[in-house]
Amino acid sequence: MTDQPGLDPTYSDLLNEFPQAVELEARPGFTGVVVLTSALIDVMTYLRDRKGYDYLSSVTAVDDFPEDKLEIVYLLFKTTGGGIIELKVFTQRDEPVVPSITPLYQGAEFQEREVWDLYGVKFTGHPDLRRLLLWEGFSGHPLRKDWKEPFYEEEVKPFKTRWPEGKGVRSENLNPFKDNVQYPRDFDPNTYEPDADRSVYKLLESQIPAETGDFKVDHLVVNIGPQHPSTHGVFRMAALLEGEKVLALKPVIGYLHRNHEKIGERNTFVQNMPFTDRMDYLSSMSNNFGYAITVEKLLGVKPPERAEYLRVMMAELTRIASHTMAIGFLLNDLGAFFTPSLYALEERELILDIFESVAGSRMMCNYFRFGGVVRDIPEETLKSVKKLVEDRLPRKVDDLDRYLTDNEIVRVRCEGIGVLTAEEAIAYSASGPILRASGVPYDIRKVDPYSIYDRLEFDVCYRQHGDVYDRYLVRLDEIRQSLRILKQVINQIPEGPIMTGKVQYMVKVPAGEAYGRVEGPRGELGFYVVSDGKPNPKRYHVRAPSMINTTSLEKMCVGGKIADAVTILGAVDVVLGEVDR
Amino acid sequence: MEANQDLYKPGYEIPEELRQQVTITTLERIYNWGRSNSMWPMMFGLACCAIEMICTAASRYDFSRFGMEVMRPSPRQADVMIVAGTVTKKMLPQIVRLYNQMSLPKYVLAMGACACGGGPFKEGYNVVPGIDTYIPVDVYVTGCPPTPQGLLNGLLTLQKKIKMEQMKETGWYSKEPVVEVPIPILGPDVYDPRKSDLIYTETHKPEVLSTEESTMEGESK
Amino acid sequence: MNGLGLVKGLALTFKHFFSTYVADIFGGKNSIRRRGTIDADGLFTIQYPEESVVIPEEFRVIPFLVYTLGEDGQRKYRCTACGICSKVCPTQCIWITRMKDPETGKPITSSQEFYIDVDKCMNCGTCAEFCPFDAIKMDHDYRIASYTRGETHIYPKPQLGKPLEYYAKIRPLNYAVEEAERAAKAQPRQ
Ligand code: SF4
Ligand code: SF4
Ligand code: SF4
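Residues numbered from 1 in each chain as written. Chains lettered and ligands numbered in written order. Predicted model: local features only at pLDDT ≥ 70, side-chain atom pairs only at ≥ 80, totals over all residues. Heavy atoms only, no water.

### Some details on the overall build of chain B
And then number 1: Across its full length, chain B holds 7 helices and 5 strands.
And then number 2: When the elements of chain B are put in sequence order from the N terminus, they spell out α-α-β-α-β-α-β-α-β-β-α-α.
And then number 3: Contacts in chain B between residues at least 24 apart in sequence constitute 75% of all its contacts with a sequence separation of at least 6.
And then number 4: Element-wise, carbon and sulfur atoms account for 55% of the exposed surface of chain B, whose accessible area totals about 9200 Å². (Helix = DSSP H or I, 4+ residues; strand = E, 2+ residues; numbered from the N terminus. Contact = heavy atoms within 4.5 Å. Areas by Shrake-Rupley, 256 points an atom, 1.4 Å probe, with all protein chains shown as cover.)

### A look at the overall build of chain C
And then number 1: Within chain C, the regular secondary structure consists of 6 helices and 8 strands.
And then number 2: Taking 16 Å as the expected radius of gyration for a compact globule of 190 residues, we find that chain C reaches 24 Å, considerably beyond that expectation.
And then number 3: Once the C-alpha set of chain C is aligned to its principal axes, its extents read approximately 90 × 45 × 30 Å.
And then number 4: Here chain C has roughly 10100 Å² of accessible surface; of this, 59% comes from carbon and sulfur atoms.
And then number 5: A distance of 3 Å separates the average location of the 25 positive side-chain charges in chain C from that of its 23 negative side-chain charges. (Rg over C-alpha atoms; globule rule 2.2 N^0.38 Å. Lys, Arg positive; Asp, Glu negative; His and termini not counted. Charge placed at Lys NZ, Arg CZ, Asp CG, Glu CD.)

### Examining helix α9 (residues 339-359) of chain A
All names here are of chain A.
And then number 1: Compared with an ideal rise of 1.5 Å per residue, which puts 21 residues at 30 Å, α9 spans 30 Å between its outermost C-alpha atoms and is within 8% of the ideal.
And then number 2: Within α9, 18 of the 21 residues are buried, which leaves the element mostly enclosed by the surrounding structure.
And then number 3: In the segment just after α9, G360 is the residue with positive phi, at about 105°. (Expected span 1.5 Å × (residues − 1). Buried < 20%, exposed > 50% of the residue type's maximum accessible area, 1.4 Å probe, protein only.)

### Digging into the domain arrangement of chain C
And then number 1: Under the domain assignment used here, chain C contains domain 1 (1-53) and domain 2 (63-186).
And then number 2: The straight-line distance from the C-alpha centre of domain 1 of chain C to that of domain 2 of chain C is 43 Å. (Domains from an automatic or database assignment.)

### With respect to the nonpolar core
And then number 1: If you look at the biggest cluster of nonpolar residues, it comprises 279 residues, and the most contacted ones within it are A:Y74, A:L87, A:Y281, A:M313 and A:Y367.
And then number 2: Considering each element in turn, this core owes the most residues, 16 residues, to helix α8 (residues 305-334) of chain A.
And then number 3: The residues touching A:Y367, leaving out its near neighbours within four places in the chain, are A:M285, A:N288, A:L310, A:M314, A:V358, A:A359, A:V373, A:V374 and A:R375.
And then number 4: Counting residues in each nonpolar core, the second largest holds 8 residues, with A:F275, B:C114, B:F121 and C:M122 among its members. (Core = buried A, V, L, I, M, F, W, Y, C linked by side-chain atoms within 4.5 Å.)

### A short note on the site of ligand 2
And then number 1: Residues in close proximity to ligand 2 total 13 residues, the closest being C:C79, C:C82, C:G83, C:C85 and C:C131.
And then number 2: In the shell around ligand 2, the residues fall into 11 nonpolar, 2 polar and no charged. (Near = heavy atom within 4 Å. Nonpolar A, V, L, I, M, F, W, Y, C, P; charged D, E, K, R; others polar.)

### Concerning the sheet that holds strand β13 (residues 512-520) of chain A
Residue and element names in this part refer to chain A.
And then number 1: Spatially, 3 strands are ordered β13-β14-β15 in an open sheet, and the strand pairing comes out antiparallel. Edge positions in the sheet fall to β13 and β15 (537-543), since each of these pairs with one other strand and no more. When strand polarity is set aside, the average angle formed by the axes of neighbouring strands in this sheet is 10°.
And then number 2: As paired strands, β13 and strand β14 (residues 523-531) are joined by 9 bridges and run antiparallel to one another. (Pairing = 2+ DSSP bridges. Axes fitted to C-alpha atoms, helices over the stretch in contact; angles between N-to-C directions.)

### Section: the side chain of A:S552
And then number 1: For A:S552, the location among the structural elements is in the loop between α16 (545-550) and α17 (553-557).
And then number 2: Setting aside its immediate chain neighbours within four residues, A:S552 contacts A:L420 and A:Y428.

### Remarks on the interface of chain A and chain B
Accessible area lost upon the coming together of the parts serves often as the stated size of an interface.
And then number 1: The interface is formed by 74 residues belonging to chain A together with 64 residues belonging to chain B.
And then number 2: Taken together, both faces of the contact between chain A and chain B bury some 6400 Å²; the carbon and sulfur share is 61%.
And then number 3: Three residues stand out in chain A for area buried against chain B, namely A:W135, A:R185 and A:Q227, and they jointly supply 12% of the buried area on that side.
And then number 4: Here chain A and chain B share 4 salt bridges between them.
And then number 5: Salt-bridge contacts for B:R60 lead to A:E349; the nearest nitrogen and oxygen are separated by 3.0 Å.
And then number 6: Between chain A and chain B we count 24 residue pairs in polar contact (both at pLDDT 80 or more) in total.
And then number 7: Taken together, the elements giving at least two residues each to the side of chain A that touches chain B come down to α5 (260-266), α8 and α9 of chain A.
And then number 8: With 6 residues, the single largest contributor to the side of chain A that touches chain B is α9(A).
And then number 9: When the residues that make up the side of chain A that touches chain B are grouped by side-chain class, the tally is 41 nonpolar, 13 polar and 20 charged. (Buried area = accessible area lost by both parts, 1.4 Å probe. Salt bridge = Lys/Arg side-chain N within 4 Å of Asp/Glu carboxyl O. Polar contact = N/O pair within 3.5 Å; in protein donor to acceptor, adjacent residues only side chain to side chain.)

### Focus: the site of ligand 1
All names here are of chain B.
And then number 1: By nearness alone, 16 residues border ligand 1, and C48, C49, A113, C114 and C144 come closest of all.
And then number 2: Every element with two or more residues in the shell around ligand 1 is listed here: α2 (48-57) and α4 (112-117).
And then number 3: Top contributing element to the shell around ligand 1 by residue count: α4, with 3 residues.
And then number 4: Grouping the constituent residues of the shell around ligand 1 by class yields 10 nonpolar, 4 polar and 2 charged.

### Considering the confidence of the model for chain B
And then number 1: Model confidence for chain B is summarised by a mean pLDDT of 79, while 86% of its residues fall at 70 or above.
And then number 2: Low pLDDT, under 50, characterises residues 209-221 of chain B; the predicted model gives this stretch 20 contacts beyond four residues in sequence or across chains. (pLDDT = per-residue confidence, 0-100.)

### Points about the interface of chain B and chain C
And then number 1: Listed as interface residues are 34 residues of chain B and, on the opposing side, 27 residues of chain C.
And then number 2: For the chain B and chain C pair, buried surface summed over both sides reaches about 2500 Å², with 56% attributable to carbon and sulfur atoms.
And then number 3: B:D132 is paired through a salt bridge with C:R149; the nearest N and O atoms lie 2.8 Å apart.
And then number 4: Between chain B and chain C we count 7 residue pairs in polar contact (both at pLDDT 80 or more) in total.
And then number 5: At 9 residues, the largest contribution of residues to the side of chain B that touches chain C is made by helix α5 (residues 148-163) of chain B.

Written as structure tokens, this is what we have:
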């Protein structure tokens, strides 16, 4: 990324302001500054209040095993645009303690909980440091390099048992319990007392207001999900109600935690590509895109022109498919059961047909490679994209608009619901349509253009009210803008190769780190990849927009009615595969 | 499955002259025909596969053509549970509970590689290697994800299975209470109460061989 | 005005409903074939078991091994047991045992055993992409529902094998390109 001469002036300011506590990252390939743990809060406050770095993009950790070191990495941006500021804090591996920055940036709340869950880093001053993805009582912190899962085979892929002496063995047959489990020594299942979510309920009950006057009110804890038709998957909201009013609400996630990052650190770089498909499974092409540009940053390759166009084409088609589905399902949550989503799904099917004929699969495209795309678009398909973009989709979007936008039920149920002001949206690190509906015109395609977006004409769609209705409108506008981009792409797409060099199955990635981000349909989709020169990434972290957007869910729901919580969740448009990873 | 073929033979020859007017069938056949064409799936999605399940329910593939359009979020009203997606350990107790709450006759269709046998994420620490470790599964549809047509094919396979069932073999008219599947508990790792003893012996083995080492030894074999 | 939204919504539904008939009656004889495609108007459903969606060439389900039949009726697999597919497979669900010469014990370029665990396979197509011998390809057959799992979901070599003609049938364009390359490679040596 940034090399020494072109150092971001903010870094020099930081070095001048905190000469004792801040120093530049010295390892080759790495950027940013290393901050002393004790000065972290001061540095953050300085950056936020004096330098305008109001947007905390991501908090994560890197395990430096076998060295006795854990790094906590903070990535900051300005919502007015501009480059990245990267802070690192080092701490020891046993009993790591770092001050929490949640009081400064509320958006760090879930991310710090995730780091606690997966790395065991204690954040002092965090309001609610519980496990996020796993359950209370789970033994160990699984993303640590020395933690081994029950089906552990070898440190890295490819496994040696597969060839040349492969025996078709299931991992279950090697486990004494014939299942994917392991227990600590001296674990006695007969006397074990499970936590059974007591910690959540305790937390909710602590929010019950003290009784005032002689009017007695009963409070009720209600769990919505994990199996509920309106939670878009296995999402759970534990809510404390007074009548119909929500007094407190805690999202409980992790029901689809598939250990993406642990598996990703075992995979080779190429092998991760199909896994990214399954993360945000409604927009696999965007995930491919994000991962591809991140690794390309490390590799220093650039895809040829035609591949760039194809990439943008696929990413925008994905956005349309995903947004139509989001709108359809939002209406589902409003009670218009299934009919609008049927219309939405119809259009999505047609887009999926295009993916199927280009990439081979409807949802799990696995289409991008480092330095290009895997195959060219057939002539036929290009024609149908053209037809779809120029004729059918605009018509259908207008249909949706005409029938839904002014519908009185939609308006009554959506206007003024789940309001998030611009300041709050930024503080909660919301991104994508949520952030833009709150009046912050922050679109990575514009503020930090990647691929060929700087050459394409489109507007950033944003609205002012920050409610559910505006989020719906932003999505609708974005579909139109995507169509506009697509028209340009189809008309300008050049002939030529689709790969730089040859696709290799063992890419040699130089040591270093890279953070690449794209504007996915749900917001800033970032990949933080650290390589130590080996065929496998040392750290593979995904900044999942859905997960970080749920941080603000509590804020949006509290004070409203319980029936609106479902609508708000629908407007956040979570995809659980990405929330939990 | 094939042994049941003669289920549909009424064992009575219709006289030649009546063949056009009268059909004879077995009660079994009518009963199964009715059942297999009114299966209500549970509206229950776990992961990526659930999206394909929704697509199957949507207009292009439209499984209401087979009497399955009534997707019920409540397990009490559902006949078939389509386990669509990755079963994680954290979700497992809920799935088993949902299964227990379904009333007989109930069927389970494991959709996708994940539900069948762990899928691509099998090696992860939070993934159950196949839902059939805990609840019985009738039809497996692998694929990642199975396309809507693949799922439809699976549902038709399930219908075929139902058509081969015999009333006296199925248990749901008996007076005996239904045996529930014990709900797994989230401890240091998920554990099945049925396996408590095994877990106890394994974790209290006198040798220094902890569970972790024993897995590693298994690998090197 | 209250109720207008309802009327509008119903109008959309009715439009959709009637356009099916309009398309069917005035659309000529291809109107049914257009269902579920970009040109569809109204009804969108494909009556699955009787008709099915046209599967594009690149569609992928489970991989299969390409073989040709020798004169003696023996299957000659293209696979040389080079192991690349098992190395690139993201889920590591391919197991290969290389054949050994029974006398010298030296490895020969053919696979003794070849397993794919379809319970882990993510249909990603990586194996087919990187196989240097065009020996493993992605199948189109999605009708793979089964009543049992157990060992039957680890496909052994005989089950994975499909003839070359089948491959040529499901992927004609790819096949043509590959054959052309083969021919071009074979030419200069002669
Ligand atoms: S089988 Fe594949 S598509 Fe289905 S849930 Fe698992 S990973 Fe997702
Ligand atoms: S890459 Fe091709 S030739 Fe090599 S082992 Fe796999 S299938 Fe056989
Ligand atoms: S399709 Fe993918 S997961 Fe399946 S065998 Fe091939 S490389 Fe492995």
